Amino acid sequence: KPFLSESFDFGNQAFFDEINTMMLGLAKNNELRKIGGARGSRHAIYVNRVYFGLYTILSQLGANIRTQ
């Protein structure tokens, strides 16, 4: 969502609530648990963790960022 608009308000708790709801749904999905094995490219995992860390910091700051 941050990349789909001209600016994004990371102080909006609804965005993070939506992410948490999605993650809880994925964690409870038995089909995904059965897959096991590799979680994907280590590079993709690194990038996802970097984005999540950055989003968390921006949320704590209540930042409104111009994305374009």
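Structure: see above.
All residue numbers here refer to positions counted from 1 along the written sequence of the relevant chain. Only residues with pLDDT of 70 or above have their local features reported here, since the model is predicted, and side-chain atom pairs are shown and tallied only from 80 upward, although totals for entire chains, interfaces and linings are computed over all residues. Think of the side-chain values as coming from all heavy atoms in the structure, minus any hydrogens and water.

Caption draft 1: Region of interest: helix α3 (residues 42-61). An ideal rise of 1.5 Å per residue puts 28 Å on 20 residues; α3 measures up with 29 Å between its terminal C-alpha atoms. One or two steps after α3, the chain reaches glycine 62, where phi turns positive at roughly 70°. We count a stretch as a helix when DSSP gives it H or I for four or more residues in a row; a strand needs E for two or more, and each element gets its number in order from the N terminus. An expected span of 1.5 Å times one less than the residue number is assigned to each helix.

Caption draft 2: Broad picture of the environment of tyrosine 55. Within the element layout of this structure, tyrosine 55 appears in helix α3. Note on contacts: a residue pair is in contact if any heavy atoms of the two residues lie within 4.5 Å. In this structure tyrosine 55 touches Pro2, Phe3, Phe10, Phe15 and Phe16, once residues within four positions along its chain are discounted.

Caption draft 3: Structural view of a nonpolar patch on the surface. The grouping of Phe3, Tyr46, Val47, Val50, Tyr51 and Leu54 at the surface amounts to a nonpolar patch, some 600 Å² of accessible area in total. One can find valine 47 in helix α3. Classification of residues uses two cut-offs on accessible area relative to the type maximum, computed with a 1.4 Å probe and protein chains only: under 20% is buried, over 50% is exposed, and between them is partly exposed. Given the relative accessible area of 40%, valine 47 is considered partly exposed. Like charges are joined within 9 Å and nonpolar side chains (Val, Leu, Ile, Met, Phe, Trp, Tyr) within 5 Å, but only among residues with over 30% relative accessible area and no salt bridge; these make up the patches. Each accessible area is a Shrake-Rupley result for a 1.4 Å probe, and residues are judged covered by the shown protein chains and nothing else. Salt bridges, as used here, are contacts in which a Lys or Arg side-chain nitrogen is within 4 Å of a carboxyl oxygen on Asp or Glu.

Caption draft 4: Representation of helix α1 (residues 13-27) within the structure. Along its 15 residues, α1 runs 21 Å from first to last C-alpha, staying within 8% of the 21 Å computed at 1.5 Å per residue. In the core, the buried residues of α1 are packed alongside β1 (7-9) and α3. Whenever a nitrogen or oxygen atom comes within 3.5 Å of another N or O atom, the pair is scored as a polar contact, on the condition that within protein one atom can donate a hydrogen and the other can accept it, and that pairs from neighbouring residues in sequence are kept only if both atoms are in side chains. Where α1 begins, one side-chain oxygen reaches toward the backbone nitrogen of alanine 14, 3.0 Å away; that side chain belongs to asparagine 12.

Caption draft 5: Summary view of the packing of aromatic side chains. Put simply, two rings from Phe, Tyr or Trp (the six-membered ring, in Trp's case) pair if the centres are within 6.5 Å, and we call them stacked under 30 degrees between planes, edge-to-face over 60, tilted for the rest. Evaluated as defined, the whole model comprises 8 aromatic pairs. For the pair phenylalanine 15 and phenylalanine 16, a centre-to-centre distance of 5.1 Å together with 75° between the ring planes defines the contact as edge-to-face. Plain terms: the ring middles of phenylalanine 15 and tyrosine 55 are 6.1 Å apart, the flat faces sit at 65° to each other, and that makes the pair edge-to-face. Of this pair, phenylalanine 15 sits in helix α1 while tyrosine 55 sits in helix α3; the two residues are 40 residues apart in sequence, bridging distant segments of the chain.

Caption draft 6: Examining the nonpolar core more closely. Counting 8 residues, the largest nonpolar core is built from Phe8, Phe10, Phe15, Phe16, Ile19, Tyr55, Leu58 and Ala63. Elements supplying a minimum of two residues to this core: α1 and α3. With 3 residues, α1 is the single largest residue contributor to this core. Ignoring anything within four residues of it in the chain, the contact list for phenylalanine 8 reads Lys1, Pro2, Phe15, Ala63, Asn64, Ile65 and Thr67. Nonpolar cores were defined as sets of buried Ala, Val, Leu, Ile, Met, Phe, Trp, Tyr and Cys residues, with membership established by side-chain atoms within 4.5 Å.

The quantities given are spatial measurements derived from coordinates; they are silent on function.
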